[in-house]
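One-letter residues, chain by chain:
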Amino acid sequence: MDPPHYDAQDVARCDLCEVAIAQNYCDFCHVYLCKPCIGEHISDDYTKHIIVPFQQRRSTLIYPKCGTHPNENCKYQCEDCNIFLCTDCFASKPHNKEHKLSKLDEKFSKKKDEIKKDKQEIREQILPVYEDIASDLENQISHIDVDYQKFTTQLSKHREELHREIDNIMNQREKEIDENKLKHLSILTKHLEEIKQLQSLMHETLHSMYEMEESNEVTPTIHYSSKNQEFSKLPPKVIVSMPKFITKPIEKEELSILIGKLTPLSTTLEERVFKAKKPNTSVRELLDEAEVLNTIKTGHEKLRSVTCLNEEEIWTSGQTADIKCFNTRGVLQKTIKTRSGDWPNDIAVYSDGALVYSDGTIRTVYKVKNDQTEKIIRLQGWTPTGLCVTSSGDLLVTMFSDDETQSKVVRYSGSTVKQIIQFDDEGQPLYSGNDDTKYINENRNLDICVADSEAGAVVVVNQAGKLRFRYTGPLSSTKKEPFQPWGITTDSQGRILTSDSDNHCIHILDMDGQFLSYIDNRGLKDPYGLCVDNDDSLFVCEFYKGTVRKIRYLK
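Note that the structure is a prediction, hence the values are computed from the model and not measured. (Residues numbered from 1 in each chain as written. Predicted model: local features only at pLDDT ≥ 70, side-chain atom pairs only at ≥ 80, totals over all residues. Heavy atoms only, no water.)

Novice: Just checking my understanding: could you explain the overall build of the protein for this structure?
Specialist: Helix and strand counts for the protein come out as six helices and 30 strands. Here the C-alpha atoms of the protein give a radius of gyration of 46 Å, more than 25% beyond the 24 Å that 2.2 N^0.38 yields for 555 residues. With the principal axes as the frame, the protein shows a C-alpha extent of 175 × 80 × 50 Å. In the protein, 43% of the contacts between residues at least 6 apart in sequence involve partners at least 24 apart. (Helix = DSSP H or I, 4+ residues; strand = E, 2+ residues; numbered from the N terminus. Rg over C-alpha atoms; globule rule 2.2 N^0.38 Å. Contact = heavy atoms within 4.5 Å.)

This is the structure we're talking about:
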């Protein structure tokens, strides 16, 4: 029987009599007992019960019974055979001496520690993550009416606009009908007037002829000239063709296209990666002035990208077909060439050391490992540019459309599309649409940071693709040229670093987009691609010089 639950203020009562206060506990049956009830409880088999003082409850280990020796408890386990053993098992038939034996009380203690640790991890680490997820879903649910009302409002506004345009067109057609009617009436009226003038002339002629017929005057009669031939020449008949209103059949599909369409509801499952929250015990502050530790001459023409392979090596690329690996002392280790023979738009490195590069000429992303080059992404209608390998092993790719009017970020797992980030909640583009490489990086809080040089902004969205902020430069700037970010990286502190090439400096932001400081050492020229190693050393490409500077900027 399961013991009843007692609150902190309750007094534990005996589970048998349910009246007296319990002074003891049976560690075998897990029941509370008062002293008078102990005898009744152990009467069935006193050997199996374990009676302890109330304060020592649940302290006695209950070992499994031996299957071979029923009266013995097993206090050992053979790790090789995965069976429990009692002391009689050793005496009656010695166990294989080469097998590894362990004491159950020690394993029990270790498991208890593991359970305690797991319980603490669930309570302090995992459960809060689920609470955040639930809170986010509840927030989405609470806003769903508002979000969909935006569609209804947008549709209603579009309906009014269409009705207004239709009314304007109908009014124009009515005006055209009235104008045609007046013109038609004018033509017929003018012709009628001409006919009536001829009729009047004929009546006058008839009247004169009547008078001459009755008259005996010679002169008028002699001068009479017939007009019948003139009158018999009838005026032309005016035929006015009525205008026609030709209605166009209503094609439902064309009308639907004219009105616009609602994209279908889509659902994707995005893999979540659990990351334990670690106490930030090593906050590293910014140096007052950054220090250049080393300068690596790469020999690249127009050096664009740098990425850390490990603590000792970096990959670099520029506007040539060569992608070069150097150690941090500047010694060339390896060179590979792009498949197309054209320069790569960007490079990145997977956790296993595999290199990945984007080849815009053939719209392809390649992966290079152990000198083997593999095509992992082939695009149609889009050109890949910036690359970033995320903490979960996904690949983020920035790309632009063939007509250079649209840009987006796509998350890949291998060659499979997992997520597309292109528009904000208002349906507006997040990124400018052009053929510039939009460099990209993932922050430690899983934000996705994009340097959009054409827009003059660093655009940061969260893991779900929702816009967090746009950074367009500090509120007060001492720099002469407009802010135009190119390279971008993040460090262990969650800070965002982006290169401002025209102003020969690097901006440092916190993870919420607040400007913190510049890195603008004298001699730093045209900074472009950036990366940070695990020790927060910063590597900076100098575009025209073709050199990589290793910089220390944290205390």
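Novice: Would you take a moment to explain the pattern of salt bridges for this structure?
Specialist: Opposite charge on two side chains permits them to pair, given that their charged atoms come into close proximity. Under the criterion given, the structure shown has 19 salt bridges. We note a salt bridge from Lys 337 to Asp 322, for which the minimum N-O separation is 2.6 Å. Separated by 15 residues along the polypeptide, Lys 337 in strand β11 (residues 332-337) and Asp 322 in strand β10 (residues 322-327) bring together distant segments of the chain. Of the residues examined, Asp 322 reaches a relative accessible area of 19% and is grouped as buried. Across the pair Lys 418 and Asp 394 runs a salt bridge, and its minimum N-O distance is 3.0 Å. (Salt bridge = Lys/Arg side-chain N within 4 Å of Asp/Glu carboxyl O. Buried < 20%, exposed > 50% of the residue type's maximum accessible area, 1.4 Å probe, protein only.)

Novice: Would you mind showing me how to read unusual backbone geometry here?
Specialist: In this structure, Asn 82 is a non-glycine residue whose phi angle is positive, near 55 degrees. The residue Asn 82 is located in the loop between β4 (76-78) and β5 (83-85) in this model. Positive phi values are uncommon outside glycine, yet Asn 370 reaches one of about 55 degrees. Positionally, Asn 370 belongs in the loop between β14 (364-369) and β15 (372-378). The class for Asn 370 is exposed, based on a relative accessible area of 65%.

Novice: Looking at this structure, how should I read the nonpolar core?
Specialist: Val 306, Ile 314, Ile 488, Ile 496, Phe 539 and Val 548 are the most contacted members of the largest nonpolar core, which totals 24 residues. At the level of secondary structure, the elements contributing two or more residues to this core comprise β8 (303-308), β21 (448-452), β22 (457-461), β23 (467-471), β24 (485-490), β28 (527-532) and β29 (538-542). Considering every element that reaches this core, the biggest residue donor is β8, with three residues. Among all residues touching Val 548, those that are not within four sequence positions of it are Asn 294, Thr 295, Ile 296, Thr 298, Leu 303, Val 306, Ile 314, Thr 316, Phe 539, Val 540 and Cys 541. Counting residues in each nonpolar core, the second largest holds 15 residues, with Val 356, Ile 376, Leu 395 and Met 399 among its members. (Core = buried A, V, L, I, M, F, W, Y, C linked by side-chain atoms within 4.5 Å.)

Novice: When you look at the layout of surface pockets in this model, what are you seeing that I'm missing?
Specialist: Once rolled over the atoms, a probe with the size of a water molecule shows which space is left empty. Computed from the structure, the second largest pocket encloses a volume of approximately 780 Å³. Lining the second largest pocket are 21 residues, with Ile 166, Met 170, Ile 250, Leu 255 and Leu 258 sitting closest to its centre. Looking at the lining of the second largest pocket, the elements that each hand over two or more residues are α3 (104-214) and α6 (252-259). For the lining of the second largest pocket, the element with the most residues is α3, which contributes 10 residues. A per-class count over the lining of the second largest pocket returns 12 nonpolar, three polar and six charged. (1 Å grid on protein atoms, 1.4 Å probe; cavity = no way out; pocket = protein on both sides within 12 Å on 5 of 7 lines; lining within 4 Å. Points joined across faces, edges and corners; volume = space filled by probe spheres on them. Nonpolar A, V, L, I, M, F, W, Y, C, P; charged D, E, K, R; others polar.)

Novice: Would you mind showing me how to read the packing of aromatic side chains here?
Specialist: The tally for this structure, following the rule as stated, stands at 10 aromatic pairs. Ring centres of Tyr 471 and Phe 483 lie 5.3 Å apart, and the angle between their planes is 75 degrees; this geometry places the pair in the edge-to-face category. Of the two residues, Tyr 471 sits in strand β23 while Phe 483 sits in the loop between β23 and β24, which places them 12 residues apart along the sequence. Grouping residues by exposure puts Tyr 471 and Phe 483 together as buried. Linked through ring pairs, Tyr 439, Trp 486, Tyr 528, Phe 543 and Tyr 544 together constitute an aromatic cluster. (Phe/Tyr/Trp six-rings, centres within 6.5 Å; stacked < 30°, edge-to-face > 60°.)

Novice: What is the right way to look at the sheet that holds β10 in this model?
Specialist: Adjacent strands of a sheet form backbone hydrogen bonds with each other and so pair up, either parallel or antiparallel. Pairing is antiparallel across the open sheet formed by four strands, whose spatial order is β8-β9-β10-β11. Each edge of the sheet is formed by a strand with only one pairing partner; in this case those strands are β8 and β11. Recorded for the sheet is a direction-independent mean angle of 20 degrees between the axes of neighbouring strands. Pairing of β10 with β11 involves five bridges; the strand directions are antiparallel. Looking at the pairing, Cys 325 lines up with Lys 334 of β11. (Pairing = 2+ DSSP bridges. Axes fitted to C-alpha atoms, helices over the stretch in contact; angles between N-to-C directions.)

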